[in-house]
Amino acid sequence: MKKSAKPTILFILFVFVSYTFIILLYVGVRLEYEKLTKEKVMAQQRLSDVKNWKINLLVQDQALSSEERIVGIAQDDLGMVRDTVQPIILNVSKEKIKKIYKAIEKKYE
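Rules used in this analysis
Residues numbered from 1 in each chain as written. Predicted model: local features only at pLDDT ≥ 70, side-chain atom pairs only at ≥ 80, totals over all residues. Heavy atoms only, no water. Patch = residues over 30% accessible without salt bridge, like charges linked within 9 Å, V, L, I, M, F, W, Y side chains within 5 Å. Areas by Shrake-Rupley, 256 points an atom, 1.4 Å probe, with all protein chains shown as cover. Salt bridge = Lys/Arg side-chain N within 4 Å of Asp/Glu carboxyl O. Lys, Arg positive; Asp, Glu negative; His and termini not counted. Charge placed at Lys NZ, Arg CZ, Asp CG, Glu CD. Helix = DSSP H or I, 4+ residues; strand = E, 2+ residues; numbered from the N terminus. Buried < 20%, exposed > 50% of the residue type's maximum accessible area, 1.4 Å probe, protein only. pLDDT = per-residue confidence, 0-100.

Q: Explanation requested: a positive patch on the surface in the structure shown.
A: Taken together, the side chains of Lys94, Lys98, Lys102 and Lys106 make up a positively charged region of the molecular surface. Topologically, Lys94 is positioned in helix α3 (residues 94-107). When its relative accessible area of 67% is taken as the criterion, Lys94 is described as exposed.

Below, the structure is given as structure tokens:
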């Protein structure tokens, strides 16, 4: 009996198609991996830029709200003068506060 060449050709064709499919799958996965890696690096760079921007804004805020700057503007540009009178300190006992509190409660009952 003579053997047909069809099974051999089909087997070789199947192996070739399978091998080609595996190679194309590998290339596709590799390209997707590289694309995602690039996106990750770009996202990390954007995050770093945003963090730096936030830090710069914080530094600017601190510089603009510093006491030396505000006092300088108030005195030089607005002509304000620092108050030299010491604040009055009042000392009140807790008992007096309680008496006043009770008197107010009685009044509004």
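Q: What exactly am I supposed to notice about the pattern of salt bridges here?
A: Close approach of charged atoms allows side chains of opposite charge to pair. Under the defined criterion, the tally for this structure stands at three salt bridges. A salt bridge links Glu34 to Arg30, with the shortest nitrogen-to-oxygen separation between them at 3.4 Å. Pair noted here: Glu34 and Arg30 are both in helix α1 (residues 6-64), with a separation of four residues, about one helical turn. Looking at Glu34, the relative accessible area reads 41%, which means it is partly exposed. Residue classification places Arg30 among the partly exposed positions, given a relative accessible area of 41%. The salt bridge partner of Arg82 is Glu67, with a shortest N-O separation of 3.7 Å. Of this pair, Arg82 sits in the loop between α2 (67-76) and α3 while Glu67 sits in helix α2, and the two are 15 residues apart along the sequence. One exposure class covers both Arg82 and Glu67, and it is exposed.

Q: Quick question: what am I supposed to make of the environment of Val15 here?
A: For Val15, the position within the fold is in helix α1. As for Val15 and Glu39, which are separated by 24 residues in sequence, their C-alpha atoms are 36 Å apart.

Q: What is the right way to read the confidence of the model for the protein from this model?
A: Detailed reading of the predicted coordinates is not advisable wherever pLDDT is low. Looking at the protein, pLDDT values average 92 and 98% of them are 70 or higher. Per-element mean pLDDT across the protein ranges from 91 in α2 up to 96 in α1.

Q: Any chance you could explain the environment of Asp49 here in plain terms?
A: By the element assignment, Asp49 lies in helix α1. Taking the C-alpha atoms as reference points, Asp49 and Glu39, ten residues apart in sequence, are found 15 Å from one another.

Q: Which parts of the structure should I look at to understand a nonpolar patch on the surface?
A: Nonpolar side chains collect at one region of the surface, where Tyr19, Ile23, Tyr26, Val27 and Leu31 lie side by side and expose about 530 Å² of accessible area between them. Within the fold, Tyr19 resides in helix α1. Exposure remark for Tyr19: the relative accessible area of 54% places this residue in the exposed category.

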